[in-house]
Amino acid sequence: MLDFTKWLRLPEEPLKSAVKSEFFDDFDYTGDKIDFMLTKKTELFGDVPLLWAECKRGDKENIEDSITQLVATIGKYGFNLTQTPQYIGVFDASKFAFLPYGELLEIFVRSDVDWTMTPSNHKSEKFQHLKTILTPKIQKMMIFEFNKNADELRRFIAENLKFDISNIRKFQITKNNFFHNYLKWLKFVKPTISINWNLAKSKFGIIDADFYLADLLSSANTTLAQNLAIILKINRYEFMRNIDEMGALSVKTTSFNDGGKAHERFWAIYERPPREEFWEHILERRDMLVPQDIRERKGAFFTPQIWVEKAQICMAESFGENFQDEYYIWDCAAGTGNLLTGLTNKHNIFASTIDNADVAIIKERIKNGANLFENQIFQFDFLNDAFFDEPCEKHAKKGFYASCNLCVHSKIPPKLQEILRDNEKRKKLIIFINPPYAEAASASTVSKTGTNKPGVSTTNEANTKFKPLIKRAANELFALFFTRIYKEIDGCKLATFSKLKYINSQNFKDFRQMFLARFLGGFAILANTFDNVKGNFPIGFLVWDLDTKTKFRRVNLQFFDAKNKFVQNKKIYVREKKPINSWYSSFYDKKGYVVGIMNTRGNDFQNQNYIRISSLDNNNHTNAITPSNLLASCVYFAVRHAIKADWINDRDQFFAPNKNWQKDDEFKSDCLAFTLFHGQNRISCKEGTNHFIPFSEDEVGCKSAFESDFMFRFINGKHCQSDLFGTQSTNVKFGTHASELFVAGREFFSYYHEVAKCEHGYLPNASLYDIREFFQGRDKTGKMNAPQKSSDERYKELLVALQTNLNSLAKKIEGKIYEYEFLDE
C-alpha cells in the first residue's frame, strides 16, 4: 500500500500530480484559476466537467476556508455560468472532501454576496460572509482520508464521477453564455437540419441564427413566437413569414436528416426557454449570431449603450436640447434598434433595416416597452431600394398612383416619404446611424495574398450610381450610405458613427470634393469597444449640417477611452498635399548597388508595422536602398517610426515635407542612427551580405573581416571607391543623442561577439536582428521570442540601454517631423 505520508512534503503542483495519478488516472485534468478540474471528453458535449477542487499543500489548512475560496473563485470568474460539474471538492496531502455542486445553486443567485472579493483573502469581510452562508453546506461534505479510506475513495469516484447524460444538471442559458451555446449548436445541430443553407441565405434571407432562436425561444410564449422568423414545433421547424419572390416558400416546414437525434441529445443539458429576464437581451443581441460576412454587409455592429447615450447628448448640443420635438429622426441602418434607445418622442422616429428578422425583433421589443411605433419600423435596403412611390407612365398621365406591377412601390412609410419630398421638412430630418463598415479590399487583398470580399460595396445600385463620383471611396459601404444621403436627401442633418478615414484619407479625396457640409461637433472612441469590431483604431461620431455647403478644412474631436474617460482634444486636418510615399518615390534608384530593401505601405500610422528594412525583396510595396538614396530612406524610415502608433493617431496622414529638411545634416544623420538600431531594421546576414554594420571589426571585437564595411565608411565620411558603390562622399554629423545611441549600440554588438564567438552558429557578420535572434530564440511557430524570454541578464540590460537611447533620439526627431511638416501638428 502506498505510504501517503510522503505526500506531506510535496509542494502544491507535485501534490496535484500525485493525487491525479493515484485516484483519477482515467480522467482528463486541467487547472488554472481553479486548481484541479477533472473532465471527460465526449464527441457531442466536448470536455464535460465532473469535478472542480481546491488544492492545499500539507494538512494544516482549514477545510471551511478552502471550500469557501473555491466557491468564491467560481463566482468571481463566472464559472457558474458555464456547464458545471457534478461535484466540487478540496484536498490536501491527507484527505479529499466532496460536495455535490447542486448544493451551491442557491448561493450564486443571492444578492447579498459580493463576488468581486479576492478569493485568497480569507480575512476579508466579504469572504467571511460567504463562509458563514456556506457553513450548513460544508457540514454535508463527504471526507475521505487517504491512509484510512483510500479504497472507499476509489469506489466513490468510480460510482459517482462518471458521464451520464441523465445525471447532467441542465444549466441555464443567460445573456452571458447564449453566444457560446450557439457556437456549440452550430457544430452539433445545424448540420442535421434539412435545408439548403446557401439558397436559404442568398434567396430567402434565412440564416442559422433563425433556427437557433427557434430552438431557444419557441416555447417561451405565443407572442414571442409570433415574431420569430421560424418556430420549432416538436420535431420540425415552421416558417412564419412569406419570404420568397412570389410571396411564399415552396415548403412551409423542414425537419432533421437524422430524425432529430442530435437535436434531442444537444438540448438534453440546457433549460429552455431561458429565464424571461434574458429574452429582451437575447433578441436585441441577435447581431452576435449573424455570420461575419453578413454583419459586414448589413452593418450588424451593436452600438454599446455608453456610446448611444453619448451620441444623443452630442446631438442635443448640436441641435438644441429640444431636438427630439423639433426634428425627425431616421436610423436607416437600425439593426435591432439599439441606437434609438433613450429617445422619447416616438412620433418623430423611423427605423429601417435590411433584415426582416431584425424588423421582427424591433417590433417584439415594442411589445416589451420600446418607445417606437410599429408602423414606422420597416424593412428597407438603403443602398438599393427606392425612396418614393412612383406611378408608371400610364398612371402618371392619369395623375394618380395605382397598385400595378409597373408602378414603383417604395417600402418607406408615406409619412417619411412626405418628409423626404419636402425641402423644408428635410432640413429638420436627422439621419442617425451606425452604418456598415465593410470594405471591398482587406490587408490580404492589398498584399496579393487574398481576394476582394465578394459583393461588398460592388453589388448594389448605390455603387453603380455613385462610384464615378467618389471613385475609390466607393469600396467602403459607409461612404455609399453617406453619398446617397448627401445627394438624395439634400439638406438633411447627418449624425453618424463611422471610421474617420473620410476626413483625411487619400482614398477619399474625390468624396471630399463632393461632400460639402458644415461640421457641428463630435467625439471619437476606440473601435474595439464595439462588439464584432476588431482593431485598434478610432470610431468617430460626427454631426453634419448638409444644408450648409462648405468645404471643411478640419474637425475638432474629443477622444474618450473605453470607460468614457476624456483623453484629449484632437484636430484632424484635411490636407490635399502630396503623401509621403509619393515623395519617397522620387528617390527610387533602379541602377545603384542595392544595400537593402525598404518595405513601404500606406501613408498613415495604421501601416507602421509594415515599414521595415530587409535583405530580401518580396516585391510588395518595396524600394531598393542604394548609397545615393540611403539618407532619404533613413529619413523616411525614422519619420514613420519615431512616433509610436496608437488608436488616437491611427489614421493621421504623413505628407511630403517642406524643403528645409534637405539642409539639416544633423537631422538626416539622426535618422540614419535611428534606422540602424531600430527593431524594424530586419537586415540579416543569413539572407545576404550585411551592409548595415556601423562599426569596424576592432570596435566590436570581431576577429574576422566583415564582408562589407560600406556602412562604417559611409558614416565616417570616407569615399566608397569601388565598382560596387561608385564614388560617394557623405556629410554625416551626429548630435549628442545619436552619439550616445552609438555608444550603446557598440556595447550591444561587442557583447554578442564576446559571447557568441565560441558558440555553434556564430555569425561574424551578424546584424542587429541576428543578434536579437541569438539571445532571444524562437518559439515553435518560428516567431522570435520576446526579450524577457532570454536567459542572459547582461543582454537584457544592454537591450534596455539601447532602447532607452533610441527613445531619446526618437523624441528629438519627433520635433523635426512637425517642423518639416511630415505631419500636421
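All values derive from a computational prediction rather than experimental measurement.

Considerations on the overall build of the protein
Then step 1. Within the protein, the regular secondary structure consists of 30 helices and 21 strands.
Then step 2. By residue count, 54% of the 825 residues in the protein fall in the buried class.
Then step 3. Sequence separation of at least 24 residues holds for 66% of the intrachain contacts in the protein that already meet a minimum separation of 6.
Then step 4. Of the roughly 37800 Å² of accessible surface on the protein, 47% is carried by carbon and sulfur atoms.

So, the side chain of aspartate 215
Then step 1. Tracing the backbone through its elements, the reader meets aspartate 215 in helix H7 (residues 208-217).
Then step 2. A polar side-chain atom of aspartate 215 sits 3.0 Å from a polar atom in the side chain of histidine 263.
Then step 3. Beyond its immediate chain neighbours, meaning those up to four positions away, aspartate 215 contacts Trp185, Val189, Leu232, Tyr237, His263, Trp267 and Arg272.

With respect to the environment of serine 505
Then step 1. Structurally, serine 505 is set in the loop between helix H21 (501-504) and helix H22 (509-514).
Then step 2. Linking serine 505 and glutamine 653, residues 148 residues apart in sequence, is a C-alpha distance of 7.2 Å.
Then step 3. In this structure, serine 505 is in contact with Arg512 and Gln653, ignoring residues within four places of it in sequence.

Overview of the sheet that holds strand E9 (residues 253-254)
Then step 1. Taken in spatial order, the three strands line up as E7-E8-E9 in an open sheet, and their pairing is antiparallel. The sheet is open, and its two edges are formed by strand E7 (230-233) and E9, each paired on a single side.
Then step 2. Alignment of E7 against strand E8 (residues 236-239), held across four bridges, turns out to be antiparallel. Its bridge partner being in E8, isoleucine 230 is matched across the sheet by phenylalanine 239.

Observations concerning the pairing of strand E13 (residues 429-433)
Then step 1. Counting buried residues in E13 gives five out of five residues, a clear majority hidden from the surface.
Then step 2. Side chains Leu429, Ile431 and Ile433 project from E13 onto one buried face, and the interleaved Ile430 and Phe432 project onto a second face that is buried too.
Then step 3. With four bridges joining them, E13 and strand E14 (residues 493-499) adopt parallel strand pairing. Looking at E14, one finds that isoleucine 433 is bridged to threonine 496.

Focus on the sheet that holds strand E16 (residues 538-545)
Then step 1. Strand order in the open sheet made by the nine strands is E12-E11-E10-E13-E14-E16-E15-E17-E18, with mixed pairing throughout. The open sheet has two edge strands with one neighbour each: strand E12 (377-379) and strand E18 (566-573). If you compare each strand with its neighbour and ignore which way they point, the axes differ by 20 degrees on average.
Then step 2. Note: strand E15 (residues 518-526) against E16, eight bridges, orientation antiparallel. By the bridge assignment for E16, phenylalanine 523 is matched with phenylalanine 541.
Then step 3. Relative to the sheet, helix H14 (residues 356-367) contacts strand E11 (349-353) and E12, its axis offset from that of E12 by approximately 165 degrees.

Rules of the game
- Residues numbered from 1 in each chain as written.
- Predicted model: local features only at pLDDT ≥ 70, side-chain atom pairs only at ≥ 80, totals over all residues.
- Heavy atoms only, no water.
- Helix = DSSP H or I, 4+ residues; strand = E, 2+ residues; numbered from the N terminus.
- Buried < 20%, exposed > 50% of the residue type's maximum accessible area, 1.4 Å probe, protein only.
- Contact = heavy atoms within 4.5 Å.
- Areas by Shrake-Rupley, 256 points an atom, 1.4 Å probe, with all protein chains shown as cover.
- Polar contact = N/O pair within 3.5 Å; in protein donor to acceptor, adjacent residues only side chain to side chain.
- Pairing = 2+ DSSP bridges.
- Axes fitted to C-alpha atoms, helices over the stretch in contact; angles between N-to-C directions.

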